[in-house]
Amino acid sequence: MNREAEGTDRAALPSVNALMERRGLVHIAERQGRTAAVAAARAALEELRGELGGDGRTAAAAENGADGREALAARAEELARRHARRARRSTLRRVINATGVLVHTNLGRSPLSRAALEAAARAARGYVALEIDLATGTRGSRSVHCEGLLRELTGAEGALVVNNNAAALLLAVNTAAAGRAAIVSRGELVEIGGGFRVHEILARSGARLVEVGSTNRTHPADYVRALDELGTQAGAILKVHRSNFVQSGFVAEVSARALVDLVRDRGGGIPVIHDLGSGCLVDLSRYGVAREPTLGEAVADGPAFVTASGDKLLGGPQAGIVLGEATWIARARTNPLTRALRVDKLTLAALEATLRVHRDPARADRLPLFAMLARPVEELRRSAARLAQDLSGVPGVTAEVVETEARIGGGSLPGAAVESAGVALSLRGTGAAELEERLRRAPTPVVARVVEDRVVVDLRAVADDELVLLRRMLTTVLADTGDRGRGAG
Ligand SMILES: *Cc1c(COP(=O)(O)O)cnc(C)c1O
């Protein structure tokens, strides 16, 4: 664009003040306040400037005298309304998880149980005995909440709750090995997702990382050699559960139990830290899913620390669970990092309620995660058949019931598939990728997967009470053939 044309476009654009006088903006100001209306006007003008550069029609309007100026102002008004609508909506939108991945990190992992929701709401509404000893009236510690339940459920001598498992690992390694070496197998220097890499966490823990073994095989002798070479510089041995991938073929690893034994045979002193990841408390074979080591089993191996997430297979809120020997937990408790990594009352309340549900294994289905896992696949097939039948009535739609494999996900149980069912959708004249995107842009977004040119809506992670809403969203999107971007505003 040459200088002259640019001058014309700028002059044709309404000012913020002029835009504020238009009906649409007056409306926004009345309903959402003047600040919101000005923000919408500015954002609209910004966007319009972009259109003048790229959109031929808008640019042509700008050349066109008074009519052109009115057209631009009307366009700015329309854009401002759209901005205002978007700004009113939370960015943390509720979505329907039709991916078949139950613990989906990008979708917030575990849904909470009703008990956990109520506990968190109660804690949020008023004051709670967060850091007060009610018997003596003296200052108490927030880190004692959940400790009793965690000890009871896992057999650990001590327990501590922090912000998430990454924080738990950071705290454990810092407490055990700051200023010295942390020994890890090369096969366990994993990336969990969302940019969580074990070696990057270790780099910030104050411990020096010493890698042993090879990518596919690590033997006890590798750890022994490192311990011999490091001498008093050895701070800890870290064992990381491979929670999001499987290794097979010519592989060898040393179990946490074997590491604990190895250290003990050498006279002790070197703490073993086991990052278990998913923090399962129940035997998953009940649900036809491959067994995952439970927190209790990991504690029974005897390491100094076991760490896990609260929002994976525990089915609770985001939290980091630190379990271990009483002396090590006591040291972690007084580590200044604990203050920086602490959790709030809502998390503690929700976690405590979740742990209470786990006290009775027969009630595990009260946790939505296990309720969804427990549903018989025939039931999902029936729901899928009803859904497919309804959707087949929409012109241009092909809907077929399909057998699917759902996953636990979220860095839990890499290989474990869960039998599931869903509906494979295609819409005449619309590509699968585009349809998938349109479902994501629905008023209640539906997150689904593209499998071989069709969009698959998996029902394993869709709660029973979401089915009606899911059907409505699918029907709306599939029936709305024209004018893309309308729903996006
Ligand atoms: C998921 C996972 C983590 C990270 O846990 P967050 O709670 O997301 O911080 C760390 N280690 C392992 C083995 C995991 O599976």
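Before any of the text, the structure's been laid out above.
In this report, we go over the structure that sits alongside the text.

Reading guide: rules and limits
- Residues numbered from 1 in each chain as written.
- Predicted model: local features only at pLDDT ≥ 70, side-chain atom pairs only at ≥ 80, totals over all residues.
- Heavy atoms only, no water.
- Helix = DSSP H or I, 4+ residues; strand = E, 2+ residues; numbered from the N terminus.
- Buried < 20%, exposed > 50% of the residue type's maximum accessible area, 1.4 Å probe, protein only.
- Contact = heavy atoms within 4.5 Å.
- Areas by Shrake-Rupley, 256 points an atom, 1.4 Å probe, with all protein chains shown as cover.
- Lys, Arg positive; Asp, Glu negative; His and termini not counted.
- Charge placed at Lys NZ, Arg CZ, Asp CG, Glu CD.
- Pairing = 2+ DSSP bridges.
- Axes fitted to C-alpha atoms, helices over the stretch in contact; angles between N-to-C directions.

Some points on the overall build of the chain
Inference 1: When you go through the chain residue by residue, the secondary structure sums to 20 helices and 15 strands.
Inference 2: Dimensions of the chain, computed from C-alpha atoms along their principal axes, come out at roughly 90 × 55 × 50 Å.
Inference 3: Buried positions account for 49% of the 489 residues belonging to the chain.
Inference 4: Excluding contacts between residues fewer than 6 apart, the proportion of contacts in the chain whose partners are at least 24 apart in sequence is 73%.
Inference 5: Carbon together with sulfur atoms contributes 48% to the accessible area of the chain, which is approximately 23400 Å² in total.
Inference 6: On the chain, the mean spot of the 66 positive side-chain charges and the mean spot of the 59 negative ones are 4 Å from each other.

Observations concerning the sheet that holds strand β14 (residues 449-451)
Inference 1: Spatially, four strands are ordered β11-β12-β15-β14 in an open sheet, and the strand pairing comes out antiparallel. Only two strands of the sheet have a single neighbouring strand rather than two, namely β11 (397-407) and β14. For this sheet, the mean angle separating the axes of adjacent strands, direction not counted, is 40 degrees.
Inference 2: One ladder, built from four bridges, connects strand β12 (residues 417-427) with strand β15 (residues 454-458); its direction is antiparallel. Bridging from a neighbouring strand, Leu 425 pairs with Val 455 of β15.

Considerations on the sheet that holds strand β9 (residues 305-309)
Inference 1: Reading across from one edge, β2-β10-β9-β8-β7-β3-β6 is the order of the seven strands in this open sheet, with mixed pairing throughout. Of all the strands in the sheet, just β2 (158-162) and β6 (208-212) have a single pairing partner and so form its edges. Between one strand axis and the next, the sheet turns by 25 degrees as a mean value, whatever way the strands run.
Inference 2: Sheet analysis places strand β3 (residues 181-185) next to β6, joined by five bridges and oriented parallel.

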